[in-house]
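Next come the chains, spelled out residue by residue.
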Amino acid sequence: MANLKDEKLFTEFPPVTTEQWEAVITADLKGADYEKKLVWKTPEGFNVRPYYRAENLDGIRFLGSRPGEFPYVRGTKDCNDWLIHQTIRVTDAASGNKAALEALVKGAESIGFALGELQLTAADLDTLLAGIDLKHTELTFCGCNTPAVAEMVIAKVKAANLDSEEVKINFLIDPIIRKLSLEGSMSCSTDGSNCFGRIAKLIREAKPYKRMRFVGVNGQVFNSCGSTIVQELAFTLAAGHEYVVKLMDEGLSVDEAAPAIRFGMSVSSNYFMEIAKFRAARMLWATIMQQYQPTRGCASKMRIHAVTSKWNQTVYDPYVNMLRGTTEAMSAAIAGVHSLEVLPFDAAFENPTEFSSRIARNVQLLLKHESHFNRTVDAAGGSYYIENLTQSIAEHAWNLFKEVEGKGGYIAAFEAGFIQEQIEASAAAKNKNVATRRESLLGTNQFPNFAEVAGETITEATVTPGNGSCGACADTASGIKTLHPYRGAMPFEQLRLKVDRSGKEPKAFMLTAGNLAMARARAQFACNFFACAGIRVLDNTHFASVEEGAEAALASGAEIVVLCSSDDEYATLAPEAKKLLGDKIFVVAGAPACQADLEAQGIHNFISVRSNVLETLKGYVKELGI
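Residues numbered from 1 in each chain as written. Predicted model: local features only at pLDDT ≥ 70, side-chain atom pairs only at ≥ 80, totals over all residues. Heavy atoms only, no water.

**Comments concerning the nonpolar core**
Here comes step 1: In this structure, F113, F141, M212, F214 and Y410 are the most contacted members of the largest nonpolar core, which totals 120 residues.
Here comes step 2: Excluding anything up to four places from it in sequence, F214 contacts A150, I154, F171, I173, I199, L202, I203, A206 and A260.
Here comes step 3: W311, A427, V499 and L573 belong to the second-largest nonpolar core, a separate cluster that totals 58 residues. (Core = buried A, V, L, I, M, F, W, Y, C linked by side-chain atoms within 4.5 Å. Buried < 20%, exposed > 50% of the residue type's maximum accessible area, 1.4 Å probe, protein only. Contact = heavy atoms within 4.5 Å.)

**Section: the side chain of S357**
Here comes step 1: Structurally, the position occupied by S357 is in helix α13 (residues 354-369).
Here comes step 2: Residue S357 is classed as buried on the basis of its relative accessible area, which comes to 13%.
Here comes step 3: Not counting the four nearest positions on each side in its chain, S357 is found in contact with Q86, P344 and P352. (Helix = DSSP H or I, 4+ residues; strand = E, 2+ residues; numbered from the N terminus.)

**Considering the pairing of strand β6 (residues 169-173)**
Here comes step 1: Most of β6 sits out of view: five of its five residues are buried.
Here comes step 2: Along β6, one buried face is formed by I169, F171 and I173 and the opposite face, lined by N170 and L172, is buried too.
Here comes step 3: As paired elements, strand β5 (residues 138-142) and β6 share three bridges and run parallel to each other. Across the sheet, residue L139 finds its bridge partner in β6, namely I169.
Here comes step 4: Handedness of the crossover joining β5 and β6 through helix α5 (residues 146-160) is recorded here as right-handed.
Here comes step 5: When β6 meets strand β7 (residues 212-218), the two strands line up parallel, connected through three bridges. Residue pairing across strands places I173 opposite V215, the latter belonging to β7. (Pairing = 2+ DSSP bridges. Right-handed = clockwise from strand over helix to strand, strands pointing away.)

**Topic: the packing of aromatic side chains**
Here comes step 1: Enumeration over the complete set of coordinates arrives at 21 aromatic pairs.
Here comes step 2: Residues F196 and Y243 carry aromatic rings whose centres are separated by 5.8 Å and whose planes lie at 75° to one another, so their mutual orientation is edge-to-face. Taken as a pair, F196 in helix α7 (residues 193-205) and Y243 in helix α9 (residues 229-249) lie far apart in primary sequence, 47 residues in all.
Here comes step 3: Look at F196 and you get buried, because its relative accessible area is 1%.
Here comes step 4: The residue whose ring lies beneath R49 is Y51, and the NZ or CZ to ring-centre distance is 5.0 Å.
Here comes step 5: We note K368 situated over the ring of W82; from NZ or CZ to the ring centre the distance is 5.2 Å. (Phe/Tyr/Trp six-rings, centres within 6.5 Å; stacked < 30°, edge-to-face > 60°. Lys NZ or Arg CZ within 6 Å of the ring centre and 35° of its normal.)

**A look at the sheet that holds strand β8 (residues 261-267)**
Here comes step 1: The strand order β3-β4-β5-β6-β7-β8-β9-β10 describes a closed barrel built from eight strands, whose pairing is parallel. Each strand of the sheet is rotated relative to its neighbour by a mean of 30°, with strand direction disregarded.
Here comes step 2: Sheet analysis places β8 next to strand β9 (residues 304-308), joined by five bridges and oriented parallel. Residue S266 lies in a different strand from β9, and its bridge partner there is V307.
Here comes step 3: In this fold helix α11 (residues 271-290) packs onto β8 and β9, with an angle of close to 160° to the strand it touches most, β8. (Axes fitted to C-alpha atoms, helices over the stretch in contact; angles between N-to-C directions.)

**Overview of the layout of surface pockets**
Here comes step 1: Space inside the second largest pocket adds up to approximately 880 Å³.
Here comes step 2: Forming the boundary of the second largest pocket are 39 residues, of which K210, R211, R213, C298 and R303 lie nearest the centre.
Here comes step 3: Partitioning the lining of the second largest pocket into residue classes produces 17 nonpolar, five polar and 17 charged. (1 Å grid on protein atoms, 1.4 Å probe; cavity = no way out; pocket = protein on both sides within 12 Å on 5 of 7 lines; lining within 4 Å. Points joined across faces, edges and corners; volume = space filled by probe spheres on them. Nonpolar A, V, L, I, M, F, W, Y, C, P; charged D, E, K, R; others polar.)

**What to know about the side chain of E44**
Here comes step 1: In this structure, E44 sits in the loop between β1 (40-41) and β2 (47-48).
Here comes step 2: No salt bridge forms around the buried E44; measuring N to O, its nearest opposite-charge neighbour K430 is 7.2 Å away.
Here comes step 3: Within the structure, E44 has its side chain in polar contact with the backbone nitrogen of I229 (distance 3.0 Å).
Here comes step 4: Not counting chain neighbours up to four residues away, the residues in contact with E44 comprise T228, I229, V230, M273 and H396. (Lys, Arg positive; Asp, Glu negative; His and termini not counted. Salt bridge = Lys/Arg side-chain N within 4 Å of Asp/Glu carboxyl O. Polar contact = N/O pair within 3.5 Å; in protein donor to acceptor, adjacent residues only side chain to side chain.)

Pasting the structure below:
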């Protein structure tokens, strides 16, 4: 056998130029607009080409670096292992310890203790951490009393005389996002100096422990409020930079302040874009920190904890959340994050069960031990497409970051309302896309489970945000608009729950007549349409005549009758059906050319791919008296 190294493979295929590709594409388009048909205009503010070639890498400056090298676009280390994280909601120290030990035995490598309002004593802390190997387990604490917990943990670690290089503990103290951005106040002095002074004090107390982090930049909040990927990245960077500036004002050096930060970010279902986001994040943070001339490389290395998106989760057809979580986890793993949490599929409507938590852990165990995602560093590196996405996201996030800095930094920009306005506009656009099904939430606004009825765990409080809004912002007593997390599926869920809890069982009957192929296609579309509101659909293969279909519709007791046929036949079939059906809510599936003529005859209900599904269904539910 010839030595493959000496073979010139594919020499029989001549090179194809971009001009030749474009000529073939233009011919295939047959006069259609290239930009409209093939160019993706992203919500992030830049366009994505239908294909990329080597020449599209020209001008990308970060190419050529290796994993673990500045600017860390390819990762902060020379391996791609990450920590499997699980958050434990702690109501008391003993049960919290039991849950943590069970999670560790079953595959978790990093444990987060969500303490809420709970105040731990030193004895409680001993109980909570009993049996947990602090040398091999990363711990994270969050809650209202995290600073006090941090002081106790530092004392405990010092007393145990643990190796300072082995202790990995995060304390998610975040007055900028968790307090100011979500509540309107940092709960300390006007400029927040007390908050930052206390953080600086903790950093000094834990100086020997280089892997203790005391600031948790909760960037996933932006995604949960409906931001774009660019906004999430820019505002997360701005908040992180604000912490560095404030901590340096407290007397710390950049080498002390920057490594004390742990960044949390969401990972959404936008698969390739999310890979590029994390790569861009590391590069931009390194660029920002470079301006402070750190003496140690760790000051420029962004420590990223990724969490699968809460915004994407649904309460109806919740097992689809497993699929969302899996693809999102894949993006984060390929991108090279430090740690990752896959949210359990039921996290949107109940305290996760043992089963749902196990499935969430197992997603990552499969990615590591069966798919070997941890074996290859920056698997996306060199991809013409992802390298260009990384460049575009970095450029647009950098411009937005500079705009925030130009307004005085994150705190000043937030108090002025700039950040809220940006996210509010993005959330409105995303809400419209969900309502019109330009953005699909499988099982909610597209292809719902027709037979599903909300279980007891689904309540009005589950599907309705605290202030009843479904957008980004809400007013507070401080006069500052705050960010308001929500889920994209909420408006549809609110409508469907209303129908489920009404005590009625409204039905929509498919009157299929005329052209068989069009009748079936329209019936499938209409069934999917009405089932999104929990309206029971009665599908039918075909009726020989409108009379036969109308008779069956009246006998079914359905409140809504949908005529499903071809555009050409609607001109005669629709008026006939309308006359036979009396006071039934009569709907035509489609947007035929004769729509104006039909409207003149009293037919006003039409559903099509151009419909605002949410608003249209709200109208029908109201007409049904629900």
